[in-house]
Amino acid sequence: MVKDSVTTNSAEHKTDASHTGQTQSHSTATHETAQHSGGEGSDVFSHLFSELGDHNGLIIGPYKVSELPMIFYHDQFYFYPNEKAMEQAGTFSFHHGHPVLTSTLNQKEPQKPSFDLSITNFVFFQWLAMFLIMAVLLFVSRKFKKNPLKAPSGLQNVVDAFYCFVRDGVVKPNIPSARAVKRLSPYFFTLFFFILVMNMLGLIPGGHTATSTVGVTGALAITAFLVINITAMRESGVGAWFKHLLGGAPIYLAPIMIPIEILSMFIKPFALTIRLFANMVAGHVVLLSLLGLLFYFQMFIIAPAIVGFSVFIYVIELLVVFLQAFIFTMLTAIFTGLAIGEHGHEGHAH
Amino acid sequence: MGSAALAYLGAGLGAGITALGAGLGIGILASKALEAIGRQPEATNKIQTAMIISAALIEGVAFFAAVICLLLTLKV
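This one's a predicted model, so the numbers in the text were calculated from it and none came from an experiment.

**Re the overall build of chain B**
Helices and strands together make up the secondary structure of chain B, namely two helices and zero strands. Relative to its full complement of 76 residues, chain B shows a buried share of 20%. Intrachain contacts of chain B at a sequence separation of at least 6 include 73% that bridge at least 24 residues. Here chain B displays about 4800 Å² of accessible surface, and carbon together with sulfur accounts for 73% of that area.

**Details of the nonpolar core**
Ranked by internal contacts, the top residues of the largest apolar core, which has 58 residues, are I175, F188, I195, M198, L220, L272 and F328 of chain A. If you list the elements that add at least two residues to this core, you get helix 5 (121-146), helix 6 (155-174), helix 7 (178-201), helix 8 (214-244), helix 9 (254-297) and helix 10 (303-340) of chain A together with helix 2 (44-75) of chain B. Looking at which element gives the most residues to this core, the answer is helix 7 of chain A, with 15 residues. Each residue touching L220 of chain A, except ones within four places of it in the same chain, is listed here: L191, F194, I195, M198, L276 and F328 of chain A. One finds Y80, M86, F92 and F94 of chain A within the second-largest nonpolar core, a separate group that totals eight residues.

**Things to note about the side chain of S236 of chain A**
In this structure, S236 of chain A sits in helix 8. For S236 of chain A, the side chain forms a polar contact with the main-chain oxygen of A232 of chain A, separated by 2.8 Å.

**Considerations on the packing of aromatic side chains**
Residue and element names in this part refer to chain A. This model, assessed by the stated rule, comprises eleven aromatic pairs over all chains. Aromatic side chains F162 and F193 sit 5.5 Å apart centroid to centroid with 65° between the ring planes, which places their arrangement in the edge-to-face category. On the criterion of sequence distance, the pair formed by F162 in helix 6 and F193 in helix 7 is long-range, its members being 31 residues apart. Taking relative accessible area as the criterion, F193 reaches 10% and is therefore assigned buried. Look at Y187 and F188: their rings are 5.2 Å apart centre to centre, the planes differ by 65°, and that puts the pair in the edge-to-face class. In this pair, the class of Y187 matches that of F188, namely buried. An aromatic cluster of at least three residues, connected via ring pairs, comprises F162, Y163, F165, F189, F192, F193 and F326.

**Re the interface of chain B and chain A**
It is common to give the size of an interface as the accessible area that goes away when the parts come together. Counting residues at the interface gives 13 residues for chain B, matched by 17 residues for chain A. Summed over both sides, the interface between chain B and chain A buries roughly 1300 Å², with carbon and sulfur atoms accounting for 83% of that surface. Summed over the three residues of chain B that lose the most area to chain A, namely I53, F63 and F64 of chain B, the buried surface amounts to 33% of that side. At the junction of chain B and chain A, the tally comes to zero salt bridges. Scanning the region where chain B abuts chain A turns up one residue pair in polar contact (both at pLDDT 80 or more). Considered class by class, the residues forming the side of chain B that touches chain A number ten nonpolar, two polar and one charged.

**Focus: empty space enclosed by the protein**
All names here are of chain A. Using the criterion set out here, one finds two cavities of 30 Å³ or more in the structure. Estimates place the volume of the largest cavity at around 100 Å³. For the lining of the largest cavity, the secondary structure elements donating two or more residues are helix 8, helix 9 and helix 10. By residue class, the composition of the lining of the largest cavity is seven nonpolar, four polar and two charged.

**Overview of the confidence of the model for chain A**
All names here are of chain A. A residue-level look at chain A finds 84% of positions with pLDDT of 70 or above and a mean pLDDT of 78. Mean pLDDT values over the elements of chain A span from 41, in helix 1 (residues 2-19), up to 91, in helix 7. Taken as a whole, residues 343-350 scores under 50 in pLDDT and shows 13 contacts with residues more than four places along the chain or in a different chain.

**What to know about the packing of helix 8 of chain A against helix 10 of chain A**
Residue and element names in this part refer to chain A. It is at 8 Å that the axes of helix 8 and helix 10 come closest, and there the two elements cross at 15°. Taken together, helix 8 and helix 10 sit at an angle that is classed as roughly parallel. The two elements helix 8 and helix 10 cross, and the hand of that crossing is right-handed. Across the interface between the two elements, L220, A221, A224, I228, T231, A232, E235, S236 and H244 of helix 8 pack against F328, T332, F335, T336, A339 and I340 of helix 10. A class-by-class count of the residues in the contact of helix 8 with helix 10 yields nine nonpolar, five polar and one charged.

**What about unusual backbone geometry?**
Of note, Q298 of chain A is a non-glycine position whose phi angle comes to about 50°, a positive value. Relative to the helices and strands, Q298 of chain A is located in the loop between helix 9 and helix 10.

**Structural notes on the packing of helix 1 (residues 3-39) of chain B against helix 2 of chain B**
All names here are of chain B. Interaxial distance between helix 1 and helix 2 falls to 9 Å at its minimum, and their mutual angle equals 175°. With respect to each other, helix 1 and helix 2 are oriented roughly antiparallel. Within the contact of helix 1 with helix 2, the residues separate by chemical class into 20 nonpolar, seven polar and no charged.

**Notes on the pattern of salt bridges**
Residues and elements named next belong to chain A. Scanning the entire structure with this criterion turns up four salt bridges over all chains. Its salt-bridge partner being D168, residue R167 comes within 3.1 Å of it at the nearest N-O pair. By relative accessible area, R167 is classed as partly exposed at 27%. Here the salt bridges share partners, and the residues they tie into one network are R167, D168 and K172.

**Notes on the side chain of T217 of chain A**
With respect to the helices and strands, T217 of chain A occurs in helix 8. Contact partners of T217 of chain A, with chain neighbours within four places excluded, come to T211, T273, L276 and F277 of chain A.

**Some thoughts on the sheet that holds strand 7 (residues 115-116) of chain A**
The antiparallel open sheet is built from three strands, whose spatial order is 4-3-7 (chain A). The open sheet terminates on both sides in strands that have one partner only, identified here as strand 4 (76-80) and strand 7 of chain A.

What counts and how
- Residues numbered from 1 in each chain as written.
- Chains lettered and ligands numbered in written order.
- Predicted model: local features only at pLDDT ≥ 70, side-chain atom pairs only at ≥ 80, totals over all residues.
- Heavy atoms only, no water.
- Helix = DSSP H or I, 4+ residues; strand = E, 2+ residues; numbered from the N terminus.
- Buried < 20%, exposed > 50% of the residue type's maximum accessible area, 1.4 Å probe, protein only.
- Contact = heavy atoms within 4.5 Å.
- Areas by Shrake-Rupley, 256 points an atom, 1.4 Å probe, with all protein chains shown as cover.
- Core = buried A, V, L, I, M, F, W, Y, C linked by side-chain atoms within 4.5 Å.
- Polar contact = N/O pair within 3.5 Å; in protein donor to acceptor, adjacent residues only side chain to side chain.
- Phe/Tyr/Trp six-rings, centres within 6.5 Å; stacked < 30°, edge-to-face > 60°.
- Buried area = accessible area lost by both parts, 1.4 Å probe.
- Salt bridge = Lys/Arg side-chain N within 4 Å of Asp/Glu carboxyl O.
- Nonpolar A, V, L, I, M, F, W, Y, C, P; charged D, E, K, R; others polar.
- 1 Å grid on protein atoms, 1.4 Å probe; cavity = no way out; pocket = protein on both sides within 12 Å on 5 of 7 lines; lining within 4 Å.
- Points joined across faces, edges and corners; volume = space filled by probe spheres on them.
- pLDDT = per-residue confidence, 0-100.
- Axes fitted to C-alpha atoms, helices over the stretch in contact; angles between N-to-C directions.
- Parallel < 35°, antiparallel > 145°, perpendicular 65-115°, else oblique.
- Left-handed = near helix turned anticlockwise from the far one by under 90°.
- Pairing = 2+ DSSP bridges.

Laid out in C-alpha cells, this is it:
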C-alpha cells in the first residue's frame with residue numbers, strides 16, 4: 001500500500017534521470033535526482049519516504065554498501081546479481097520501478113514476472129535479525145547445557161530474564177492448559193525476541209525495519225493463526241473446535257453465528273498484521289516528516305526544535321518497539337487461550 | 001473543488017476524527033484504570049497489563065482508519 005506509491009515516486013525520479021541521458025540503476029538514480037532537487041521542497045518528502053520502501057541494494061546514508069540479487073520465476077528461474085545485470089540481460093526491465101518483461105514493455109499493462117523473489121533490504125534485515133537471534137540463543141543454550149549447575153552470567157541473564165518474562169507474564173496467565181504452556185513457551189519467546197530484534201534494527205541509523213512491511217507481519221500473523229487453531233484442536237479436540245464455531249449459542253442460531261465466528265477467526269490475524277505494520281511505519285513517517293521540514297524550510301533557526309522533536313520521537317519509538325513486540329505476543333497468547341478455553345473455563349469472551 | 005482536493009480534504013478530516021476518537025477512547029481507558037489503581041493499589045500490575053492491551057486494541061482501530069487516510073492521500 002504505502003510501499004507501492006513509494007516505489008512509484010522513485011520511478012518518477014528514475015524517468016527524470018533517463019531523460020537526461022543517464023542510464024543508471026534504480027536506486028542510484030533516486031539519489032542523483034534528490035541531490036539535484038534538494039532545494040525544491042516537494043521532492044524532499046517523496047525522496048525521504050522512498051527510503052521507507054524496499055530497495056534492491058543496501059544503502060546507508062548516501063553510500064551504497066552492496067547490491068542485492070534479483071531473483072524472478074517466470075516459467076524458469078532468473079538470477080541476476082544486481083539491477084544493472086538485470087537491465088543488461090534484457091529479459092526484464094523497469095517500468096514505474098517494478099520489474100516487468102521487456103517484451104511486453106510497449107503494452108498498456110506490461111507483464112510482471114509471476115514470482116518476484118528478489119532479495120530486498122527488508123529480507124536482508126530480516127535475515128540479519130534471524131542470524132543475531134540464532135547466534136545469541138545458541139551461545140546461551142550451549143552455556144546452559146555445559147554448566148547446568150553454575151549460576152548464569154552475562155548474556156545468559158538477559159535471555160533468562162526475557163524468557164521468564166514471556167513465560168510467566170504472557171503465556172502462563174493466558175493459556176489455561178499446562179501442557180500447552182510447556183509446548184508453546186519457546187514459540188512465544190522466539191516470536192517476542194524476533195519481532196523485538198527486527199523492530200530495533202530499524203532504529204539503528206542505516207537500518208531498516210523489516211516489520212514495516214505487510215509481508216513480514218502477515219507471515220508472522222499466519223503462523224500465529226496456525227498456532228492458535230492447531231493448539232485449540234490439540235487441546236480440546238477437533239469436535240470441540242467445530243463446536244466453538246457455534247460460539248456457545250443454540251443450534252438454530254448457526255446461520256448467524258458460524259459466519260461471525262469464521263470472520264472473527266480471520267480478523268484476528270489481520271488485525272495483528274495491520275497493528276504491527278502501521279505502528280512501525282507511523283513512527284518512521286513522523287520522524288522523516290520532521291526531518292523533511294528541515295529540508296523544506298532550509299532555515300538554521302528551526303534546526304534545534306526539529307532535532308529536539310526528532311529525539312523525542314526516537315525515544316517514543318524505543319518504547320513502541322518493546323510495546324509492539326509485547327502486544328503481538330500477548331494478543332497471540334490471549335487468542336490461543338480463548339480458542340482453547342472451551343471446557344469448564346469462563347468460555348467465550350469475544 | 002476538484003476530486004483530488006476533496007480526497008485530500010477527506011483524508012485530513014478522517015485523520016482528525018480518528019485522532020479524536022482514539023484520544024477519547026484512550027482517555028476514558030486511562031481515567032478508569034487510574035481510578036481502579038487508586039481504589040486497589042495492590043492490583044496495579046494486573047490493571048496495567050489489561051490497560052495496555054485495551055490501549056493497543058483501540059490504537060489498532062485508530063491505525064486502520066489512519067492507513068485508509070494515508071491510502072487516500074497517496075492514491076490521488
